[in-house]
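Take a look at the letters that make up each chain.
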Amino acid sequence: MNDSKSRGASRFFRPEIGSVTLCLLTTAYLLIVTNRTFWSKAFGYFAADRFGFTIFVIGIAAASMGVVTFFSAKYITKPFLIFIVIAASAASWFTDSFGVIVDKEMIRNAAVSTGAEAGHLVTPRFAMHILLTGIIPSLLILWVRIRHRPILKKLAHNTAVILACAAVFAAIGIGDYRTFAGVGRAHKDLLDTLNPFVPITSALRFAISSGQDANIVAQPLGTDAHRVNTAGTTKPRVLIVVAGETARAQDFSLGGYERDTNPELAKQNVVYFPNTSSCGTATAISIPCLFSVYPRAAYTHRKALETENVLDVLGHANVSVSWLDNDTGSYHVTDRVPYQFLPDTADPRFCKDGECLDAILLDKMDAWLDQVQGDSVLVLHQLGSHGPAYYARYPEEYRRFQPDCRANDFGSCSPEEIRNAYDNTILYTDHIVSAVIDKMKQRADKMAASVVYFSDHGESLGENGLYLHGTPYVVAPIQQTHVPFVVWLSDDLQASAGYDTACLAANANKPTSHDNVFHSVLGLMDVSTKVYDPALDVFSGCRKAAAHVASAKVSAGVN
């Protein structure tokens, strides 16, 4: 009987450990196992001062231990430790695999992702990573018994540990402040990948700001807007805005890329602006920013919610506005205009697993064009080149560059295969935008047409160890901020509105950015309003004398 009890006790043996000791072991695990990117960056940044790096490690370890120990309390310790281990495991996958910085805006981008988009990131290697670095360590934390001191002794002991950690951190920071300040100024992303503290803090900041933004009502903008210079033609003026996704200018042959990724647009008499920069490095920032009145330097997510955008201003001028979406949404840009989310149609000709090829935009565009009766603007929001499943963004006939990566997991593809798949997405985007232009040409007898294409942000394809996008703008590589910008104007529009495409082409090399979109769209539609700034309209300097006279009269208040 006693032997049976002994065997039972042995079978369910659970080691006992002090709560602070468990916090110490968990902290060491987090710093050693889930912070490879953080330590690699820091080691490089302190290359000229190995002693500085050594005490930096000690300081970070002390601060991390202090933070974890703060949550060492009965009924709290295990849930908290398991939470941060799982969070660190997930964040480390994206940081170590793609170079992603999990800041507040990356959390915002993730929060608005569709199920299909998120599904491309859940690969067998990701699942294995979560199992090995998140679930198994969490089971070990569940397995052990925690030995807690009486509450007053525990409070005193924990306070002593936390104060000691704080003292070490402060002493190191003050003792070598010059070194740390210098490295921090030179490398603003020094602490951005500290895992899991930065991701958790970012998530909390996002949750707080989302709560604060929940009941914001956009204030009117440009209510004085009205159409001018309409005497040149009786045809309605129609603008198609193609909002691209994840296309980087570096891979556009219109801008000099060695591969012919723009064979169709090259034949369309377009004007290409090769020096265009984006407002952000993620869709959730760039899309609302580029349609807003605010330049990148002044833009915030809250301002975008508080203020109407260019689509609203067009509506005030009695211009009909619609939005067809084949991406992840409009991020509140279309709160006051007609909107259709095309993946919801599940059209079997174009759609599979919750996503659709961009050809669906062309199909739906035809129906929209057939009902145009007056001045109108249509926004086509592409799925474009969104990764990591580049191969799913183009049909078989656009697999020109091979072998192309046919997996969601970059780890199973070579750099050349990844580049080939990405360039195929650009080739397909070239076809989509060219087809939009062709559709407008076919209706030349019914409308004075224009087409504008720009991408929301770029993409990293392994340069400097980075993949995908979303790097904070202050440290983002040019591959994520340098975007294509293409304009096509119909002959009728050029003649009636006085546009000089030779002038546009001659000035196209000047720096442009998403700051120009708001004012250039208003300029193309000849909308006058106090919020329009001709200095930011890329077309304003290339209109013939008659158009300049009309604009001058409007500016002077003469109608």
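Residues numbered from 1 in each chain as written. Predicted model: local features only at pLDDT ≥ 70, side-chain atom pairs only at ≥ 80, totals over all residues. Heavy atoms only, no water.

Summed over the entire model, instances satisfying the criterion amount to 26 salt bridges. Lysine 41 serves as the salt-bridge partner of aspartate 189, at 3.0 Å between the closest nitrogen and oxygen. Of this pair, aspartate 189 sits in the loop between α10 (177-186) and α11 (197-213) while lysine 41 sits in helix α3 (residues 36-45); the two residues are 148 residues apart in sequence, bridging distant segments of the chain. Taking relative accessible area as the criterion, aspartate 189 reaches 8% and is therefore assigned buried. For aspartate 375, the salt bridge goes to arginine 227, with nearest N and O atoms at 2.6 Å. Highlighted residues: aspartate 375 in the loop between α15 (359-370) and β11 (376-381) and arginine 227 in strand β3 (residues 226-227), separated in sequence by 148 residues. With a relative accessible area of 19%, arginine 227 lands in the buried category. (Salt bridge = Lys/Arg side-chain N within 4 Å of Asp/Glu carboxyl O. Helix = DSSP H or I, 4+ residues; strand = E, 2+ residues; numbered from the N terminus. Buried < 20%, exposed > 50% of the residue type's maximum accessible area, 1.4 Å probe, protein only.)

Here the focus is the state of the cysteines. Here the structure, examined in full by the defined rule, presents four disulfides. The disulfide partner of cysteine 351 is cysteine 356, and the gap between their sulfur atoms is 2.0 Å. Given an S-S torsion of about 95°, the disulfide between cysteine 351 and cysteine 356 has right-handed geometry. Its relative accessible area of 16% is what places cysteine 351 among the buried residues. Through a disulfide, cysteine 503 is tied to cysteine 542; the S-S separation comes to 2.0 Å. (Disulfide = S-S within 2.5 Å.)

It is worth spelling out the packing of helix α2 (residues 19-33) against helix α5 (residues 77-98) at this point. For the pair α2 and α5, the least separation of the axes is 11 Å and the interaxial angle reads 5°. In terms of axis orientation, α2 runs roughly parallel to α5. Counted together, Leu22, Cys23, Thr26, Tyr29 and Leu30 of α2 and Thr77, Leu81, Ile84, Val85 and Ala88 of α5 form the full contact between these two elements. Taken together, the residues that form the contact of α2 with α5 break down as eight nonpolar, two polar and no charged. (Axes fitted to C-alpha atoms, helices over the stretch in contact; angles between N-to-C directions. Parallel < 35°, antiparallel > 145°, perpendicular 65-115°, else oblique. Contact = heavy atoms within 4.5 Å. Nonpolar A, V, L, I, M, F, W, Y, C, P; charged D, E, K, R; others polar.)

Pairing in this open sheet of seven strands is mixed, and the strands run β5-β16-β12-β4-β11-β7-β8 from one edge to the other. Both outer strands of the open sheet, β5 (271-272) and β8 (339-341), are each paired with one neighbouring strand and no more. With six bridges joining them, strand β4 (residues 237-244) and β11 adopt parallel strand pairing. Opposite valine 242, over in β11, you have leucine 380 as the bridge partner. Contacts from helix α20 (residues 517-524) reach β4, β12 (448-455) and β16 (485-489) within the one sheet, and its direction differs from that of β4 by about 155°. (Pairing = 2+ DSSP bridges.)

All right, on to the nonpolar core then. Counting residues in each nonpolar core, the largest one holds 60 residues, and the members touching the most others are Ile240, Leu380 and Met440. By residue number, the principal contributor to this core is helix α16 (residues 415-442), which donates 12 residues. Contact partners of isoleucine 240, with chain neighbours within four places excluded, come to Met365, Trp368, Leu378, Leu380, Val436, Met440, Ser450, Val451 and Val452. The next biggest cluster of nonpolar side chains, apart from the first, holds 46 residues, and it includes Leu221, Leu239, Val271 and Cys503. (Core = buried A, V, L, I, M, F, W, Y, C linked by side-chain atoms within 4.5 Å.)

What follows is about unusual backbone geometry. Following asparagine 195, the chain continues to proline 196 via a peptide bond in cis, the omega torsion being 5°. Checked against the element boundaries, proline 196 lands in the loop between α10 and α11. A positive phi angle, close to 75°, is found at tyrosine 75, a residue other than glycine. Its place among the elements puts tyrosine 75 in the loop between α4 (50-70) and α5. Among the residues examined, tyrosine 75 registers a relative accessible area of 71% and is labelled exposed. The phi dihedral of asparagine 464 is positive, around 55°, even though this residue is not glycine.

The end-to-end C-alpha distance of α11 is 24 Å, a good match for the 24 Å that 17 residues give at a rise of 1.5 Å each. For α11, every residue scored as buried is listed here: Phe197, Pro199, Ile200, Ser202, Phe206, Ser209 and Asp213. Along its buried surface, α11 packs onto α4, α5, α6 (104-111) and α13 (301-306). (Expected span 1.5 Å × (residues − 1).)

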